Amino acid sequence: MKVLYAIQGTGNGHLSRARDVIPALQKQNIELDLLVSGTQADIPLPYPVKYQLGGWSFIFGKKGGVDMWRTYVRTNSHRLQKEIRTIPVQDYDLVINDFEPVSAWACKLKNKPCISLSHQAAVIAPNAPKPKKNDPLGKLILAKYAPTTKQYGFHFRKYDDQTYTPIIRQEIRNTTRTMGNHYTVYLPSYSDEKILHVLSNIKNTYWEVFSKHNDTKFFWKNMTISPINNEAFIKSMASSKGVLCGAGFETPAEALHMQKKLMVIPMKSQYEQQCNAAALKELGVPVIKSLKLKHLDKIRDWIDGEYKLDIHYPDITEQIINRVLQENYAGKTSQAI
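Note that the structure is a prediction, hence the values are computed from the model and not measured.

### Describing the overall build of the protein
Right, on to step 1. In terms of helices and strands, the protein carries 13 helices and 13 strands.
Right, on to step 2. Sorting the 337 residues of the protein into buried and exposed places 58% on the buried side.
Right, on to step 3. The contacts in the protein between residues at least 6 apart in sequence include a share of 66% that link residues at least 24 apart.
Right, on to step 4. As displayed, the protein has an accessible area near 15300 Å², and 51% of this comes from carbon and sulfur atoms.

This is the structure:
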């Protein structure tokens, strides 16, 4: 059995999850190839990648959202179309897709089943929490960015039979947790200057900020700014009082699993993060709309309050992989979304 596992490379969450999915796939009696597309990840994948593609990446901005202009400029439609045409998805018995557009569209054009194993599959499921504000364009992007024929999803809770709780990588599970004197910050859609400007106003609190916009570590007032480093980030989270981050999926899930106090700031005009924020709010996680001085009191209340949740996510990665392979090797899938 020959399997292609295609992974989205925008952001770090997909690759973080892949670091546990790949070993589970390798335990099966299959021939596995990896495809990664996108240009915004900071976490290395310690496995050989057969197809490393440009794909279609959304570029993080510095004002709390996606930089649409830089996203447009960097999107090479001719290259993207060529990648879609030339990826030999027809050579594989099974294509497993983590919100990766090139292989998904290649499968769609060649009428080949494509199996979604992603957080996005759970986000758009009918029973998953949604924000109060309707976003037809955001829904359309989630559904059509990487079209698939059958979906298995991950979310903060199990909302239906096709949804599983998060895959928590072994690096997190095996890390010793302590209670230090700092808070870990990961807000990639905000500039370092914005983070410094706001958080420096909260006295007697120390922040360890991990930056997507700086490759040199420096100290300033009550915080450190460090470039993204997987090991350093895990160490910081594991020894923190709490985590302040965007409303992505993997970092909040890891913080919850570590029993760390969590506050999230969803990216502006990013429907997936707005959905995540709605789900986290249901769990009791504080959510603020933006990183602005007017929200300082809410951040202070979070620091002073007891917001830690008693959540533990079981290790079910191999169970999920077994189900995906058993149910889809025959190629019987539902209609494309």
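### Describing the sheet that holds strand β11 (residues 223-227)
Right, on to step 1. Pairing within the open sheet is mixed, and its 6 strands lie in the order β10-β11-β9-β8-β12-β13. Because the sheet does not close on itself, it has two edges, and the strands there are β10 (218-220) and β13 (261-265). Sheet twist, expressed as the average angle between the axes of neighbouring strands with direction ignored, equals 20°.
Right, on to step 2. Two strands pair when backbone bridges link them, and strand β12 (residues 242-246) and β13 are joined in this way by 5 bridges, in the parallel orientation.

### A short note on the state of the cysteines
Right, on to step 1. Applying the stated criterion across every chain, the model contains 0 disulfides.
Right, on to step 2. The thiol of C114 is unpaired, and the distance to the nearest cysteine sulfur, on C107, comes to 4.2 Å.

### A few points about the confidence of the model for the protein
Right, on to step 1. Predicted confidence across the protein gives a mean pLDDT of 89, with 90% of residues reaching 70 or more.
Right, on to step 2. Note on residues 65-73: pLDDT is under 50 here. Beyond four places in sequence and across chains, it has 19 contacts.
Right, on to step 3. Contacts of residues 331-337 to residues separated by more than four positions or lying in other chains number 20 contacts, the stretch itself having pLDDT below 50.

### Considering a positive patch on the surface
Right, on to step 1. Side chains of K132, K133, K268, K281, K289, K292, K294 and K298 sit close together on the surface and give a patch of like positive charge.
Right, on to step 2. Mapped onto the elements of the fold, K132 is located in the loop between α5 (119-123) and α6 (136-144).

### A look at the sheet that holds strand β1 (residues 2-8)
Right, on to step 1. Ordered in space as β3-β2-β1-β4-β5-β6-β7, the 7 strands form an open sheet in which the pairing is parallel. Each end of this open sheet is capped by a strand with a single partner; those strands are β3 (51-53) and β7 (163-164).
Right, on to step 2. In this structure, β1 lies alongside strand β2 (residues 31-37), joined through 7 bridges in parallel fashion. Bridge assignment links Y5 to a residue of β2, and that residue is L34.
Right, on to step 3. Running at roughly 140° to strand β4 (residues 94-98), helix α4 (residues 101-109) makes contact with β1, β2, β3 and β4 of the sheet.

### Side note on unusual backbone geometry
Right, on to step 1. One non-glycine residue with positive phi stands out, namely F99, at about 50°.
Right, on to step 2. Along the chain, F99 falls in the loop between β4 and α4.
Right, on to step 3. With a phi angle near 55°, N111 is a residue other than glycine that sits in the positive phi range.
Right, on to step 4. Here N111 shows up in the loop between α4 and β5 (115-118).

### Topic: the nonpolar core
Right, on to step 1. Membership of the largest hydrophobic core comes to 54 residues, with the highest contact counts inside it found for Y5, I96, L117, L256 and L262.
Right, on to step 2. Ranked by residue count, the leading element in this core is helix α1 (residues 13-26), at 6 residues.
Right, on to step 3. In this structure, I96 is in contact with V3, L4, Y5, A6, L25, I115, L117, V324 and L325, ignoring residues within four places of it in sequence.
Right, on to step 4. Counting 23 residues, the second largest nonpolar core, distinct from the first, contains L4, F99, A104 and L142.

### Topic: the packing of α1 against helix α13 (residues 317-328)
Right, on to step 1. Remark: α1 packs on α13, axes separated minimally by 9 Å, with the N-to-C direction vectors making an angle of 60°. Our classification of the angle between α1 and α13 gives oblique. Along this stretch, α1 crosses α13, giving a crossing that reads as right-handed. The segment α1 lies against α13, with D20, V21, A24 and L25 engaging T317, E318 and I321.
Right, on to step 2. Here the residues of the contact of α1 with α13 sort into 4 nonpolar, 1 polar and 2 charged.

### What about helix α8 (residues 192-199)?
Right, on to step 1. What α8 keeps buried is the set D192, I195, L196, V198 and L199.
Right, on to step 2. Against the buried residues of α8 lie β8 (182-186), β9 (206-211), β10, β11, β12 and α12 (296-304).

### Describing the pattern of salt bridges
Right, on to step 1. Applying the stated criterion to the full structure yields 11 salt bridges.
Right, on to step 2. Close ionic contact of D297 with R300 constitutes a salt bridge, the shortest N to O distance being 3.2 Å. Linking D297 with R300, this pair stays in helix α12, spanning 3 residues, or about one helical turn.
Right, on to step 3. In this structure, R323 engages E327 in a salt bridge whose closest nitrogen and oxygen atoms are separated by 2.9 Å. Of this pair, R323 and E327 both sit in helix α13, 4 residues apart, which is roughly one turn of that helix.

### Digging into the side chain of T205
Right, on to step 1. You can see T205 is positioned in the loop between α8 and β9.
Right, on to step 2. A relative accessible area of 10% means that T205 is categorised as buried.
Right, on to step 3. Not counting chain neighbours up to four residues away, the residues in contact with T205 comprise Y183, N222 and I303.

Procedures and definitions
- Residues numbered from 1 in each chain as written.
- Predicted model: local features only at pLDDT ≥ 70, side-chain atom pairs only at ≥ 80, totals over all residues.
- Heavy atoms only, no water.
- Helix = DSSP H or I, 4+ residues; strand = E, 2+ residues; numbered from the N terminus.
- Buried < 20%, exposed > 50% of the residue type's maximum accessible area, 1.4 Å probe, protein only.
- Contact = heavy atoms within 4.5 Å.
- Areas by Shrake-Rupley, 256 points an atom, 1.4 Å probe, with all protein chains shown as cover.
- Pairing = 2+ DSSP bridges.
- Axes fitted to C-alpha atoms, helices over the stretch in contact; angles between N-to-C directions.
- Disulfide = S-S within 2.5 Å.
- pLDDT = per-residue confidence, 0-100.
- Patch = residues over 30% accessible without salt bridge, like charges linked within 9 Å, V, L, I, M, F, W, Y side chains within 5 Å.
- Salt bridge = Lys/Arg side-chain N within 4 Å of Asp/Glu carboxyl O.
- Lys, Arg positive; Asp, Glu negative; His and termini not counted.
- Charge placed at Lys NZ, Arg CZ, Asp CG, Glu CD.
- Core = buried A, V, L, I, M, F, W, Y, C linked by side-chain atoms within 4.5 Å.
- Parallel < 35°, antiparallel > 145°, perpendicular 65-115°, else oblique.
- Left-handed = near helix turned anticlockwise from the far one by under 90°.
- Nonpolar A, V, L, I, M, F, W, Y, C, P; charged D, E, K, R; others polar.

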